[in-house]
Amino acid sequence: MSNVYLEKMCEIVKARNPHEEEFLQAVTEVIESLEPVFARYPEFEEANILERIIEPERQIIFRVSWVDDQGKVRVNRGYRVQYNSAIGPYKGGIRFHPSVNLSIVKFLGFSQVFKNALTGLPLGGGKGGADFDPKGKSEMEIMRFCQSFMTELYRHLGPDTDVPAGDIGVGAREVGYLFGQYKRICNEFTGVLTGKGLSYGGSLVRKEATGFGLVYFVNEALKAINKSFDQATVVISGSGNVATYACQKAQELGAKVVAMSDSNGYIYDPNGINLDTIKEIKEVKRQRIKEYAQIHKDARYYEGSRGIWQVPCHIALPCATQNEIYEEDAKALIKNGCYCVGEGANMPTTPSAIKLLLEHGVLVAPGKAANAGGVATSGLEMTQNSQRLPWSAEEVDSRLRAIMCNIYKDCAAAIDEYGLGSLVEAANIVGFVKVARAMLEQGVI
């Protein structure tokens, strides 16, 4: 990186956030992509747009006190980072997981700004969460926690201010409890959360959207290298909504998905993953994925989720969490003939792994673009809520597919326009330029 201004920004962000590893990783990746942008648009440097984008507009940290089933008072820490509202209200999920801290929430919110910009919808970026683990908790404990969390957060939300959704640990159940408490406190029924149940304003295809969108984007990218999902062997990490519905759509396009995982380990089924079994285990029974091997005798379960990247495949779809593909995993994928990594999670591939994959000609579909289907359909849910009109599954899916295809077209055009080497750089640039222009036009705020 030869641009002095960009080097200075790297130094500033490291000095201000010295212990926030995930956040620094996310910011550095974007900054390293922006040299051709600042060469073309000196006005961005003059207005110090980059430093303003890096610093969140608002960071909220709060205590969440709740009572467990034994009557004991428990305390967790809650977060909401309202990152950037240049092109619309803050939009981004809420994550409940023991690993949640300010660095995680800031990295997610920062990435969300550009992801949302790529969709073409008027959505700013934000993210939230708590270091609460829903696993092992009763329904009543989860409800009480969600109600306490929303009792503090509600004052910072609104359909035209900040519209959260779900993320890891926050599914339809948790969104329902959060929404119910918001409605109870504010005495209003508005589209202030997305991912809601279909009985109270949710959108068809929202549950499937991130997984479907991932496959739609990757499928477009594969066309450029004369490949497709048809007859391809696919490995997918995770077994939540993103992984499950990426598996479904990949299978519909003719792929053979042979492995999936959860945080404990992974399953390998040489006959191809039976999706009905996965849905029964994870969505109905809420069990661990190892149960799959008890039902399908040719399948094998292996402890440790990292081992999934040793399974030979043509297409790898990391859909679990950040930094799950390391350099040694990338080496295994390359050795075993993988020609595409499609990121269904936020920042699932480490910088050194991405570098290695690109050097060996592996197509990398970056999460900012490939993972945008969920928030795109959340934006469509917001539109339906505003209109007080539900759309059919076919209409939502058609709009989702169009959005993902347009994201790919914009990224592909940026590669030609700026002379870039990958979709990773292109996604960063397309999202950044849109937000930067909006900020420039709105003055110093």
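The structure we're discussing is the one just above.
Because the structure is a prediction, the values reported are computed rather than measured.

Draft legend 1. Seen up close, the nonpolar core. The biggest cluster of nonpolar side chains holds 105 residues, and the ones touching the most others in it are Val-37, Leu-50, Phe-110, Phe-229, Ile-236, Leu-317 and Phe-432. For this core, the element with the highest residue contribution is helix H18 (residues 423-441), accounting for 10 residues. The contacts of Phe-432, once residues within four sequence positions are left out, are Leu-34, Val-37, Phe-38, Phe-44, Ile-49, Leu-50, Ile-53 and Phe-114.

Draft legend 2. Structural detail: the sheet that holds strand E5 (residues 162-165). An order of E1-E2-E4-E3-E5 is seen for the five strands of this open sheet, with the pairing classed as mixed. In this open sheet, the two edge strands, each paired with only one partner strand, are strand E1 (58-67) and E5. Ignoring which end each strand starts from, the neighbouring axes of this sheet average 20° apart. Relative to strand E4 (residues 125-130), strand E2 (residues 73-84) runs antiparallel, the two being bridged by six bridges. Pairing of Gly-78 across the sheet is with Ala-130, part of E4. Across the face of the sheet, helix H6 (residues 102-118) comes into contact with E1, E2, strand E3 (90-96) and E4 while running at roughly 150° to E4. The sheet strands contacting helix H7 (residues 139-153) are E1, E2, E3 and E4, and the helix crosses E1 at an angle near 140°.

Draft legend 3. Spatial organisation of a nonpolar patch on the surface. A cluster of nonpolar side chains, namely Val-67, Val-73 and Val-75, defines an oily patch on the protein surface of about 250 Å² accessible area. Secondary-structure assignment places Val-75 in strand E2.

Here is what the cut-offs are and how they apply
- Residues numbered from 1 in each chain as written.
- Predicted model: local features only at pLDDT ≥ 70, side-chain atom pairs only at ≥ 80, totals over all residues.
- Heavy atoms only, no water.
- Core = buried A, V, L, I, M, F, W, Y, C linked by side-chain atoms within 4.5 Å.
- Buried < 20%, exposed > 50% of the residue type's maximum accessible area, 1.4 Å probe, protein only.
- Helix = DSSP H or I, 4+ residues; strand = E, 2+ residues; numbered from the N terminus.
- Contact = heavy atoms within 4.5 Å.
- Pairing = 2+ DSSP bridges.
- Axes fitted to C-alpha atoms, helices over the stretch in contact; angles between N-to-C directions.
- Patch = residues over 30% accessible without salt bridge, like charges linked within 9 Å, V, L, I, M, F, W, Y side chains within 5 Å.
- Areas by Shrake-Rupley, 256 points an atom, 1.4 Å probe, with all protein chains shown as cover.
- Salt bridge = Lys/Arg side-chain N within 4 Å of Asp/Glu carboxyl O.

Honestly, that's just the spatial picture; any functional story needs more than this.
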